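Letter by letter, the chains look like this.
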Amino acid sequence: MTQSQRVYLVDGARTPFLKARGAPGPFTPVDLAVQCGRPLLARQPFDRIAFDLVILGCVNVLADEMNPARVAALRLGMGERMVAFTTQINCGSGMQSIDTAYRYIRAGTHDLILAGGAESLSHAPLTLRPSAAGWLGKFIAARSPADKLGALSGLRPDFLKPVIGLERGLTDPVTGLGMGQTAEILAYRFGIDRQAADTYAMHSHHRLARAQKDGTLATEVMPAFARDGTIYDHDDGVRPDSDMEGLAKPKPVFEKPYGKVTAGNSSQITDGASWVIVASQKAVDLHGLEPLAEITDSEWAGLDPSVMGLGPVMAATPIAQRHGFEMADIDLWELNEAFAAQVLACLAAWEDEAFCREVLGYDAAFGRIDRDRLNVDGGAISLGHPVGTSGNRIVLHLANAMKKRGARRGIATECIGGGLGGAMLLEAVQ
C-alpha cells in the first residue's frame, strides 16, 4: 500500500461577510470568489497556473454562473487548462472542497489545490408556484389571439406572488421542518432556555467586534470592491453593542410564543466567499511555503434530519475516537453557529453521560468544551452564514487562530441541512 502523503493548509483569504438586506447585494458568488481570490493568489511565490485543480463549494448556483468553480478560475487568470468543479453538500460545501483536496493530495495524485466556498444568499432566486408555471406554459403555447385571451382568463392573483427559493431551501424536504424548527427540537431535548441562547449570541457579537478592533482578521479578510466604487472591508452584520436587553426583544420565529430560536440568536443571511490553498509536502518544499497547519483527518456523518444540529457531535466524535483524544486534547474548536440553541445542544450532548453512552459508544460523558476554546473570534451569529462558504471559513479561521495562539490541535465542525455533519482535524506543523 502506498504511504499517505502529508497535507498542509498553507494560506487562505475570505471576503467580508455582507448581510443580505432585502435586495440583491453587490456581488454574485463568482464575484465574491474573485474578490478574495485575486489578493490571495497575488501574494503567493508561484504562478497561479501551478495549481492542479480548483474546487469551489456553492449551494445557490446562479443560472449565469453554472459551475462557478470554473468561471472563477478563468476570471482569476488560472488558464484555460485549469480543471475546476463545484461541490454541493448544503452547509458543508465549503468544507467538502477542502476535504476533497485533502484526499486527492493524501493519495499522491495532486500537489496544489485551490479549495473554496462562495455564496450570495441575497441573489437566491424567486420561483413560480407549480400552478403558476403550468398556467404560463399554456399561455406561451397559445397561438391565436383568441387562445391567448382564453389562457389569460385563467390568470389568478396568487400566480404573481413568487416563492422565495431560500425559504424553501431552508426547509427539509423529508421531514417538512425548517432548520429553525430542528434547533427548537434540540433546545427542548437538552433543556436550552432562551436566556442561555441569547447570552451565547451576545458573546458571539462581542468576540467578533473585538477581533475586528484588534486586527486579528487583517490577513484573513480581504476588502471587496463593488462596481460603483464602494469598498466593503469588514463583516457588517456584527453588533458590538449587543446586550441581553436588546436580544430579549425579538419574538420566537419558529415556535410561537414559547420557542427559544429568534432572529437575534440565529445565524444571519449573508453573502461571502473564502479560499484556502491546500498543498503536499512536495509543493511546500518546491515553492518554499510556510504552512499554517497540517490537515490530519476528516469525517462526515449522517443522522436524523429532524435533529440535524447534532451533526458536529456525530462527525467530530469519531475523529477523537480514532486518535484516542480526550476533550482536553483539542485546544481550539470552530463549531459553526447555525443557531445558538443548536451549538449549546451540541455542547450539552457531549456532557450528557446517557447520550454519550447510548449514541457515541463512550462509557462516560466525553466532556465539556471550555468556552475560551470555542469560536474564539465569533461565529455565524455575528458573522453570518453564507451556506456554501461557512465550512471553508471555519477551517481557515481555525488554522489562523491556532497559529496565533500556538495551539497544537483543533477541530472545525458543522451541522448540515438534511441530517449531516462534517468535521476536520488540524494540527500544528511539526
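Residues numbered from 1 in each chain as written. Predicted model: local features only at pLDDT ≥ 70, side-chain atom pairs only at ≥ 80, totals over all residues. Heavy atoms only, no water.

S.K.: Is there a simple way to think about the pairing of strand β12 (residues 332–335) in this case?
M.R.: For a regular strand, side chains alternate in direction, first toward one face of the sheet and then toward the other. The side-chain alternation of β12 yields two buried faces, one formed by L332 and E334 and the other by W333 and L335. Pairing of β12 with strand β13 (residues 409–416) involves four bridges; the strand directions are parallel. Looking at the pairing, L332 lines up with G410 of β13. (Buried < 20%, exposed > 50% of the residue type's maximum accessible area, 1.4 Å probe, protein only. Helix = DSSP H or I, 4+ residues; strand = E, 2+ residues; numbered from the N terminus. Pairing = 2+ DSSP bridges.)

S.K.: How do you make sense of the side chain of N392 when you look at a structure like this?
M.R.: Relative to the helices and strands, N392 resides in helix α15 (residues 387–405). Each residue touching N392, except ones within four places of it in the same chain, is listed here: G94, M95, S97, I98, A115, G116, G117, S274, W275 and V276. (Contact = heavy atoms within 4.5 Å.)

S.K.: Can you help me understand the nonpolar core in this one?
M.R.: Considering soluble globular proteins, one finds that nonpolar side chains tend to be buried as a cluster. In terms of nonpolar packing, the biggest core is built from 50 residues, with F190, L310, V313, W333, W350, L374 and I411 touching the most fellow members. For this core, the secondary structure elements donating two or more residues are α7 (179–190), α8 (194–213), α11 (311–323), β12, α12 (340–351), α13 (353–360), β13 and β14 (420–427). Examining the composition of this core, we find that ten residues originate from one element, α12, more than from any other. If near-sequence neighbours (up to four positions away) are discounted, F190 is found in contact with L310, A345, A348, A349, D352 and F355. (Core = buried A, V, L, I, M, F, W, Y, C linked by side-chain atoms within 4.5 Å.)

S.K.: Could you clarify how one ought to interpret the packing of aromatic side chains in this entry?
M.R.: We describe a pair of aromatic rings using the distance from one ring centre to the other and the angle between the two ring planes. Applying the stated rule across the entire model yields eight aromatic pairs. Note on F27 and Y232: the rings are 5.7 Å apart at their centroids and 80° apart in plane angle, and the pair reads as edge-to-face. With F27 in the loop between β2 (18–19) and α1 (29–42) and Y232 in strand β9 (residues 231–232), the pair connects residues that are 205 residues apart, well separated along the chain. Measuring from ring centre to ring centre gives 5.4 Å for W135 and F139, while their planes differ by 20°; the resulting arrangement is stacked. One end of the pair, W135, and the other, F139, are both in helix α4 (residues 130–141), four residues apart, so they sit about a helical turn from each other. (Phe/Tyr/Trp six-rings, centres within 6.5 Å; stacked < 30°, edge-to-face > 60°.)

S.K.: What am I meant to see in unusual backbone geometry here?
M.R.: Trans peptide bonds make up the majority, and among non-glycine residues the majority have a negative phi. Here the residue pair K256 and P257 is connected by a cis peptide bond, since its omega of 0° sits within 30 degrees of zero. Along the chain, P257 falls in the loop between α9 (244–247) and β10 (270–280). For N90, which is not glycine, the phi dihedral falls at a positive 50°. Position of N90 relative to the elements: it lies in the loop between β4 (84–87) and α3 (93–107). Within the chain, N375 stands out as a residue other than glycine whose phi angle is a positive 45°. Within the secondary structure layout, N375 lies in the loop between α13 and α14 (380–383).

S.K.: Would you mind going over the environment of P291 with me for this structure?
M.R.: By the element assignment, P291 lies in the loop between α10 (281–287) and β11 (293–302). Given the relative accessible area of 19%, P291 is considered buried. In the structure, P291 is positioned 283 residues away from Y8 in sequence and 6.0 Å away in space, judged by C-alpha atoms. Among all residues touching P291, those that are not within four sequence positions of it are Y8, L9, V10, V284 and V429.

S.K.: Looking at this structure, I do not really get the pattern of salt bridges. What am I missing?
M.R.: Two side chains bearing opposite charge may form a pair once their charged atoms approach each other closely. Enumeration according to the criterion identifies 17 salt bridges in this entry. Between E220 and R14 there is a salt bridge; the shortest N-O distance is 3.2 Å. Placement of the pair is E220 in the loop between α8 and β8 (224–225) and R14 in strand β1 (residues 7–14), with a sequence separation of 206 residues. Given a relative accessible area of 1%, E220 falls into the buried group. In this structure, R103 engages D99 in a salt bridge whose closest nitrogen and oxygen atoms are separated by 2.8 Å. In this pair, R103 and D99 are both assigned in helix α3, four residues apart and thus about one turn of the helix distant. For D99, a relative accessible area of 2% gives the class buried. Taken together, the shared-partner salt bridges in this structure form one network comprising R14, E220 and D235. (Salt bridge = Lys/Arg side-chain N within 4 Å of Asp/Glu carboxyl O.)

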